[in-house]
Structures are given as structure tokens and as C-alpha cells.
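Breakdown of the fold
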Amino acid sequence: MLKNLLKHIQEERVAEQLYHSLIGIEIEEHRIDDHGRLSRKPYPQNLGSRRYHPYLQSDFSESMSEIITDPNPNIGGVLDQLDTLQTVLYRSIDKSESFWPLSMPPAMDEDDVDFIKGHFGRPAYAKYRDYLTEKYGVARKIITGVHVNFSIPEPVINRLYVHYQDQFSTLVAFKNALYFQLAQNFVLHRWLLTYLFGASPIAEKGFLSAEDQKQLTHPVRSIRNSIYGYVNEPQDQVDATIYTSLDHYIDGINHAIDDHYLYSTAEFYGPVRLRGQDDIKDYRTKGISYLEFRVLDNTPFTPNGISRHAMYFLKFFLMYLLVTPVDHENIAADLKQSFTDNNQVALENPNQPTFKMAEGIQIFDQLIEMAKSLHAHSEQLQALDDFSEVVTHPELTASAMLLKHIKNGSLMDFGTTVAKRWRAQRLGATTLLPSIGKISFDAHRLIFYAIQLGIRYYVVKDEDGESLITLTYDNVTQVVYTDKVGKVEPLEYLHELFPGINKADKQDQSLI
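Fair warning: this is a prediction, and the values are worked out from it, not measured in the lab. Chains are numbered independently. Their residues run from 1 in the order of the written sequence. At least 70 in pLDDT is required for a residue's local features to be given in this predicted model, at least 80 for side-chain atom pairs to be given and counted, and no such filter applies to totals for whole chains, interfaces and linings, which use all residues. Computation of side-chain values covers all heavy atoms of the structure but excludes hydrogens and water.

Let us now look at the overall build of the protein chain. Along the backbone of the protein chain there are 21 helices and 10 strands. Against the compact-globule benchmark of 24 Å for 512 residues, the protein chain has a radius of gyration of 23 Å, which places it among compact chains. Seen through its principal axes, the protein chain has C-alpha atoms that stretch 65 × 60 × 45 Å. Contact between two residues is taken to exist if any of their heavy atoms lie within 4.5 Å; hydrogens are not considered. Excluding contacts between residues fewer than 6 apart, the proportion of contacts in the protein chain whose partners are at least 24 apart in sequence is 75%. Summing over all exposed atoms, the protein chain offers an accessible surface of approximately 22,400 Å²; the carbon and sulfur share of this is 50%. Separation of charge centres in the protein chain, based on 50 positive and 67 negative side chains, amounts to 3 Å. Each helix is a run of DSSP H or I of at least 4 residues and each strand a run of E of at least 2, with the numbering of both proceeding from the N terminus. Using C-alpha atoms as the atom set, the radius of gyration is obtained and then compared with a globule rule of 2.2 Å times the number of residues to the power 0.38. Only the protein chains shown count as cover for residues, and all accessible areas are computed by the Shrake-Rupley method using a 1.4 Å probe. Positive: Lys, Arg. Negative: Asp, Glu. His and the chain ends are not part of the count. By convention, the charge on Lys lies at NZ, on Arg at CZ, on Asp at CG and on Glu at CD.

Printed below as a string of C-alpha cells:
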């Protein structure tokens, strides 16, 4: 048991380091045409290979883009990079395309489904994708969302371990206990995130089966987070009780794969995944490196899909979940109940109070008390205050705010209008990459093309305060001072810096 964890955090004075835990974002968004339908344009050819691109990928369908940020200790930094990657993506797609702002896909017909089935540009995943199509169908596999990656700073883990050496024989065991307590609490409290950030009240034409349509008779908080959304099948043997213990998680998923209920660990769609090891069995000996949280709907009221305010709340909420003790005696039953509670919240009427409101008020009282005891920053306190109000005012939730935009049982007009507005804002900006900061236009161009090609970039300052760009591809790093970029042709220059890109391009062509 991780007793007195908050007390030891205060004693070791590591709260500030915890505030700077690394956080990263993965967000999925569909390319759409001018009419709001899923785009049938091919994947942008000006983007580097999806075999290795660190930032820009596609998912189940060619229209389903995935944007992946680097981990960052600062929320502002991760959102600035997300904005930059999205800007590059907007400037790389066809001029007739924009991005659908909602998690539930736009309206589809049989022609759309057939087109998605017949067009897929990632040969290495074709067999797995065919399996998913057969098992789940197309509609459920093209729901989009926001995934948040979170890791505790290693120095914090080392400092806290001193207080628990009598309970854990190794640092890895202690680290696993920290991460798994956080994972368990996240599952147990998932309903609150579904309430606060649910933004998928309806499904468009072509998503629900006739039987499911009879069940969903009114708008809800989050179809995506309900039993009708992105979930494993009941017979897959990986329900919420998979989080009963680390051993149960590892053995349960392995057995599901061995018994052919799951194709691989990638088919486990739980609300949180352990991350850091390729082989799931290695978590016991090598440890969990970070967690991936998978429950947030795309927020349709901000161009980034997730707001800065939400990130400040979420980061502190994860700290709260980290230090909250788990009742291990009743954990299996509690996890099972948490799944039921979350589904009930997800399927509530968005503009009505949740049946969990009293518990939500209590959680926010504890959050605010903890924040004050740790001398949280003003922006964190403000986020907690604001979201505590949302608990008692359901009309402030995203799902409720979407209700007025529903016309004839559809959000197609709203989604298409918002998508076009965001595209116009992106392309109408006065600078190429507005979130990069004050560096030369030529340096902006170099970063823009580096991102397109799949080269990792960082903009930093040296000891004299001069800005420089570090560029990394295939374990080779080059450093370029921003004031030395000059009038070089960026694509030619980048290919000179990294000749391996040409070789990778030829390999891609040979696979077509």
C-alpha cells in the first residue's frame, strides 16, 4: 500500500517537479471535403513516410490523421507544438479539405464504407486492419479522440522510494506500484472525465445499427465513451477488472491474445494503457515508463481539439489520482462498478445533472484542498475552480453546449462550418508557424519542411541566448542556428543534412 504518499511529496518538496511531469498529446482528426463528408483524397504525398514519421500518421482510414507531440514538462510547450503540427498538416492537405472537429465521424453511406475498406496505404498493417474491419466494422473504428501520455519524473520516483524501501525490494517494483495506482484510480474516476469532457451527443447517419438506434432515443454526453463507442467486445475477456492488479493486467491481456480474443496488445482499448515496453511481460522486470489515457472526446470549441484549461485541470487531476489510496480488498468489484457508472454518465441527458454530482463535488473539494496544500500555481487553481462549477452546472459541458447546434438530428452543418472556419484561421495567419516564436521566416520554413519530412525538431537557446534548431532523423542530429539559415532551399538543404531520407523514399516507392 502506498500510504501517506501526499505527505512524503510535501516532506521531500517535490510538488514542483511533479507539476512538470512530462505530458504529450495524440489527437485523431478526419480530413473532410467541402460538404463535410469523409475525404477521398489520398494521404498527402508531401508528408514523409508513415513507416517512420514521428509526428504525423494515419489510422484506420486514410482520412483519419493522427498528430503526435513530443513529451513536454510544460503545458504551454506541448500545446504550442500541437498547434504547429496541426498547422503543417493543414498546409499539407488538398485546398478543398479541412478537419472534422468532432469525435463521432460525419455521415456515411455504403459507398463511403466501401471506399474506406478498399483504400489503405500502410501495407504493414493491412492484415491487422482487415481483421479489425471484420470484427468491428468500419464505423466504430473511425471514431476519433484525444490521448494523453503522462510520465512521473524519475528524480521524484527516486526521492519517494526512500520512504517505501521496506515495502518494495526494487525501484522498478515501486515505480510500477505508483503508475498502477494511478491507472486504477483513473479507471475508477473515469466517469468524471466523461461528464466534464464528453462531446459526442449524437451519431450521424451510417454509424448506429438499427437496434442501437432504438436504444439511443435522445442526445447523450458521450457515445464514444459508452458501450456504443470505442470499446472491446464483451467476449474479449478484457473488461474493467483487467486493472485488478499489474499481474492480472499482464496475464489477462496475454491470455486474451493466446486464446485469440485479441489480435495483439494494440487491440486492447481500455481507458488507460501501460507504456514503455514492447513485450507486455517486460513490465514486471523493466517497469512502466508512462501511461496513455484514452478517454477524451475531441473538443469542438477549440481548434486544437483540447483546451489549455482542460490540460491544466487534467495534469493536477492525475496528481490527485496518483496519491489517492486504492481499496485493494474490493478492487475488482469497484472496477466493475466503475464501468457501469461511466456508461450511465455517458448516456445521460447532457443538460441534466449527473447522478454522480454529489461525488463530483466531494472530489473537487479534495482537489482544491490538495492544490492549496501544495501551493499550486494560479492557473491550476483557476482551472479547478472553473471545472468545479461545471459539476453543478451541466449546461456548461461541451455535450450540452452542442445541443443547440443539432439540426434535424445532425451536427453536419455545425461540424462543416467549424471545420471551414478553423481552416481559414490557420491559413490566414500572418506567420507561417505562429506558435514557434520569434525566429526568422527562413527558420520557420526550415522547421515546416522538416516536420513534413518526419524530422524531429527542437527550438532551443544556447548559453548566449541565441536561438538554434536541433534536427534529428534516424539517430542523426544536426544543429542549425536560426540566424544562419539564410536563403537556402529548405527541402534541398534537409536532404543534404539527412541523406537517409532519399533512401527511405525509394523504399516506400518500392512498396507501392
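Whenever a helix is involved, its axis is fitted only over the stretch in contact; in every case the axis is a line through C-alpha atoms, and angles between N-to-C directions fall within 0 to 180 degrees. Contact pair helix α9 (residues 190-197) / helix α14 (residues 331-346): the axes reach a minimum separation of 8 Å and the direction vectors enclose 10°. The angle between the axes of α9 and α14 places the two elements in the roughly parallel class. Note on element contacts: α14 touches α9 through Asp341, Asn342, Val345 and Ala346, opposite Arg190, Trp191, Thr194 and Tyr195. For this classification, under 35 degrees means roughly parallel, over 145 means roughly antiparallel, 65 to 115 means roughly perpendicular, and everything else is oblique.

At least two bridges found by DSSP between two strands is the condition for calling them paired. Across the sheet, which stays open at both edges, the three strands sit in the order β8-β9-β10 with antiparallel pairing between neighbours. Both edges of this open sheet fall to β8 (456-461) and β10 (476-481), since each of them pairs with a single strand only. Neighbour-to-neighbour, the strand axes of this sheet turn through a mean angle of 20°, independent of strand direction. Examined bridge by bridge, β8 and strand β9 (residues 467-473) share six bridges and lie antiparallel to one another. By the bridge assignment for β9, valine 459 is matched with isoleucine 469. The strands that helix α19 (residues 441-453) touches are β8, β9 and β10; relative to β9, the one it contacts most, it runs at about 15°.

This next bit is on the nonpolar core. By size, the foremost hydrophobic cluster in this structure holds 139 residues, and its most contacted members are Leu56, Leu196, Tyr249, Phe313 and Leu471. Here the element with the most residues in this core is helix α13 (residues 308-323); it accounts for 13 residues. Among all residues touching phenylalanine 313, those that are not within four sequence positions of it are Leu193, Leu196, Phe197, Phe364, Leu367, Ala383, Leu384 and Phe387. By convention a nonpolar core is built from buried Ala, Val, Leu, Ile, Met, Phe, Trp, Tyr and Cys residues, the set being connected through side-chain atoms within 4.5 Å. Partly exposed describes any residue whose relative accessible area lies between the buried limit of under 20% and the exposed limit of over 50%, with all areas from a 1.4 Å probe on protein chains only and scaled to the type maximum. In this structure, Met104, Met108, Val113 and Tyr128 belong to the second largest nonpolar core, which totals 22 residues.

We define a salt bridge as a side-chain nitrogen of Lys or Arg found within 4 Å of a carboxyl oxygen belonging to Asp or Glu. Using the criterion set out here, one finds 23 salt bridges in the structure. A salt bridge links aspartate 112 to arginine 37; its shortest N-O distance comes to 2.8 Å. Here aspartate 112, found in helix α4 (residues 110-118), pairs with arginine 37, found in the loop between β1 (22-32) and β2 (56-58); they are 75 residues apart in sequence, far enough to count as distant. Overall, aspartate 112 belongs to the buried group, its relative accessible area being 6%. Judged by relative accessible area, arginine 37 falls into the partly exposed class, the value being 26%. Salt-bridge contacts for aspartate 247 lead to arginine 284; the nearest nitrogen and oxygen are separated by 2.8 Å. Of this pair, aspartate 247 sits in helix α11 (residues 246-258) while arginine 284 sits in helix α12 (residues 283-286), placing them 37 residues apart in sequence.

Summarising the element assignment, arginine 129 is placed in helix α5 (residues 126-136). Measuring from C-alpha to C-alpha, the distance between arginine 129 and proline 353 comes to 40 Å, with 224 residues separating the pair along the chain. Within the structure, the side chain of arginine 129 is placed 3.1 Å from the backbone oxygen of lysine 117, a separation counted as a polar contact. Under this definition, polar contacts are N or O atom pairs within 3.5 Å; protein pairs additionally need one hydrogen-donor-capable and one acceptor-capable atom, and for neighbouring residues in sequence, both atoms have to be side-chain atoms.

For glycine 77, the position within the fold is in helix α3 (residues 75-90). Note on glycine 77: relative accessible area 25%, which makes it partly exposed. The spacing of glycine 77 and isoleucine 23 is 54 residues in sequence and 9.8 Å in space, taken between C-alpha atoms.

Only rings of Phe, Tyr and Trp enter the pairing, Trp through its six-membered ring, and a pair is recorded when the two centres are within 6.5 Å. The plane angle decides the type: under 30 degrees is stacked, over 60 is edge-to-face, the rest tilted. Following the criterion strictly, the structure yields 26 aromatic pairs and no others. When the centroid spacing of 4.7 Å and the interplanar angle of 40° are considered together, the rings of tyrosine 128 and tyrosine 263 count as tilted. Taken as a pair, tyrosine 128 in helix α5 and tyrosine 263 in the loop between α11 and β6 (272-275) lie far apart in primary sequence, 135 residues in all. Classification of tyrosine 128 by relative accessible area gives buried; the value is 14%. Taken together, a centroid distance of 5.8 Å and an interplanar angle of 45° make the contact between tyrosine 243 and tyrosine 249 tilted. Here the aromatic cluster, defined as three or more aromatic residues joined through ring pairs, consists of Phe197, Phe313, Phe317, Tyr320, Phe364 and Phe387. Note on geometry: a ring has a charge over it if NZ (lysine) or CZ (arginine) is within 6 Å of the ring centre and within 35 degrees of the ring normal. Across from the ring centre of tyrosine 43, 3.9 Å away, lies the NZ or CZ of arginine 50, which sits over that ring.

Helix α20 (residues 490-497) packs onto α19 with a crossing angle of 60° between their chain directions and a minimal axis gap of 9 Å. Considering the angle they form, α19 stands oblique to α20. Crossing geometry of α19 relative to α20 is assigned as right-handed. Counting all contacts with α19, which are made through Arg445, Leu446, Tyr449, Ala450 and Leu453, the residues of α20 involved are Pro490, Leu491, Tyr493, Leu494 and His495. For this classification, Asp, Glu, Lys and Arg are treated as charged, while Ala, Val, Leu, Ile, Met, Phe, Trp, Tyr, Cys and Pro are nonpolar and the rest, including Gly, are polar. Its residues assigned to classes, the contact of α19 with α20 shows eight nonpolar, one polar and one charged. It is the rotation of the near helix from the far one that decides the hand of a crossing: anticlockwise by less than a right angle makes it left-handed, clockwise makes it right-handed.

If you check which residues of helix α1 (residues 5-12) are buried, you get Leu5, His8, Ile9 and Glu12. Seen along its axis, α1 keeps its buried residues to an arc of 105°; they face one direction. Against α2 (15-19), α7 (154-161), α8 (171-188) and α13 lie the buried residues of α1. Looking one or two residues beyond α1, the residue adopting positive phi is arginine 13, at roughly 55°. The arc in question is the one spanned by the directions pointing from the helix axis to the C-beta atoms.

Attention now goes to α11. Each helix should span, by expectation, one fewer than its residue count multiplied by 1.5 Å. With 13 residues, α11 extends 18 Å from end C-alpha to end C-alpha; this agrees with the ideal 18 Å at 1.5 Å per step. Restricting attention to buried positions, one finds in α11 the residues Leu246, Tyr249, Ile250, Gly252, Ile253, Asn254 and Ala256. On its buried face, α11 is in contact with α8, β6 and α12. A positive phi of about 65° marks histidine 260, the residue just after α11.

Any link to function would need more than the numbers given here.
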